[in-house]
Amino acid sequence: IAKTTGTRVDRFTRETLLALQVGVTMVLVLGAAMLTRNLGNLLSRPLGFSPADVIAVELVISPRAVPSAEARVAYVERLLDAVRHTAGVDAASTTQSRLVLAETMQTSFEVEGTPPEFGVQQVAIIRHVMPDLFRTLRSRCLTGRALNRTDRSENRPVARVSARLASRARAERV
């Protein structure tokens, strides 16, 4: 039989703190187990592209050094052309941001031939890319056509959408 010193209040405080420690530990263990399971699920999902043998480089173009959008596009095209002509390079392209969720933009959109529902705005995550990005990442185009060099801001807008968004848009047209 263990003998403790202190008052009833001291004993109650010790027992309460012990119960809190056990409770917090259980919450942390359960949280770690859920995080591990979710991370495993996330890592097992297909990316939609092949990152093997792909090198990503951050490119920052100073608006002071290259002030106009047209000049920046021309600069990037010259840079990509030089990279494409480097030995061992199969393809080269650019995207506005890295392929991580924290670096995205959103835009509203409407499905052609489907009247928008009053008060409902459809939103999609977007990235501006150069035409060869999907070939560079070995990402298949399931239907439709690939992006090409004539897809410019001054022409009719085009987009490559995920199979999930396409199926959602088809469902809305029915």
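Refer to the structure printed above.
All of these numbers come straight from a predicted model, not from anything done at the bench. (Residues numbered from 1 in each chain as written. Predicted model: local features only at pLDDT ≥ 70, side-chain atom pairs only at ≥ 80, totals over all residues. Heavy atoms only, no water.)

Regarding the overall build of the protein chain
Broken down by element type, the protein chain carries four helices and two strands. Along the protein chain, helices and strands appear, N-terminal first, in the series α-α-β-β-α-α. Relative to the 2.2 N^0.38 estimate, which gives 16 Å for 174 residues, the radius of gyration of the protein chain is 27 Å and therefore markedly larger than a compact globule would have. Considered along the principal axes of its C-alpha atoms, the protein chain spans approximately 85 × 50 × 35 Å. Buried residues in the protein chain amount to 13% of all 174 residues. Summed over all atoms, the accessible surface of the protein chain reaches about 14900 Å², with 60% contributed by carbon and sulfur. Treating the 24 positive side-chain charges of the protein chain as one cloud and the 16 negative ones as another, the clouds have centres 7 Å apart. (Helix = DSSP H or I, 4+ residues; strand = E, 2+ residues; numbered from the N terminus. Rg over C-alpha atoms; globule rule 2.2 N^0.38 Å. Buried < 20%, exposed > 50% of the residue type's maximum accessible area, 1.4 Å probe, protein only. Areas by Shrake-Rupley, 256 points an atom, 1.4 Å probe, with all protein chains shown as cover. Lys, Arg positive; Asp, Glu negative; His and termini not counted. Charge placed at Lys NZ, Arg CZ, Asp CG, Glu CD.)

Things to note about the environment of T25
The topology assignment puts T25 in helix α1 (residues 8-44). Overall, T25 belongs to the partly exposed group, its relative accessible area being 44%. Taking the C-alpha atoms as reference points, T25 and R127, 102 residues apart in sequence, are found 42 Å from one another.

Here's the deal with the packing of aromatic side chains
Across all of its chains, the model carries zero aromatic pairs by this definition. For the cation-ring pair, R160 lies above F134, with the distance from its terminal atom to the ring centre recorded as 3.9 Å. (Phe/Tyr/Trp six-rings, centres within 6.5 Å; stacked < 30°, edge-to-face > 60°. Lys NZ or Arg CZ within 6 Å of the ring centre and 35° of its normal.)

Here we look at the side chain of D132
Inspection of the secondary structure puts D132 in the loop between β2 (122-126) and α3 (133-136). Within the local environment of D132, its side chain forms a polar contact with the side chain of R84, the two groups lying 3.2 Å apart. Each residue touching D132, except ones within four places of it in the same chain, is listed here: R84, A92, S93 and R149. (Polar contact = N/O pair within 3.5 Å; in protein donor to acceptor, adjacent residues only side chain to side chain. Contact = heavy atoms within 4.5 Å.)

Some details on the pattern of salt bridges
Scanning the entire structure with this criterion turns up three salt bridges. Here R84 makes a salt bridge to D132, at a shortest N to O gap of 3.2 Å. Residue R84 is found in helix α2 (residues 69-84), and its partner D132 is found in the loop between β2 and α3; the two are separated by 48 residues along the sequence. As a salt-bridge pair, R145 and D151 come within 2.9 Å of each other at their nearest N and O atoms. Relative accessible area serves as the criterion here: at 45%, R145 is assigned to the partly exposed category. By relative accessible area, which is 22% here, D151 ends up partly exposed. (Salt bridge = Lys/Arg side-chain N within 4 Å of Asp/Glu carboxyl O.)

Details of unusual backbone geometry
In this structure, D53 is a non-glycine residue whose phi angle is positive, near 60 degrees. Looking at the element boundaries, D53 is found in the loop between α1 and α2. One non-glycine residue, R138, lies in the positive phi region at around 55 degrees. Summarising the element assignment, R138 is placed in the loop between α3 and α4 (163-173).

What about the environment of A71?
Structurally, A71 is set in helix α2. Distance from A71 to T36, taken between C-alpha atoms, is 47 Å for residues 35 residues apart in sequence.

Digging into a nonpolar patch on the surface
A surface patch of nonpolar side chains, amounting to about 290 Å² of accessible area, comprises L59, Y75, L79 and V83. As for its position among the elements, V83 is in helix α2. (Patch = residues over 30% accessible without salt bridge, like charges linked within 9 Å, V, L, I, M, F, W, Y side chains within 5 Å.)

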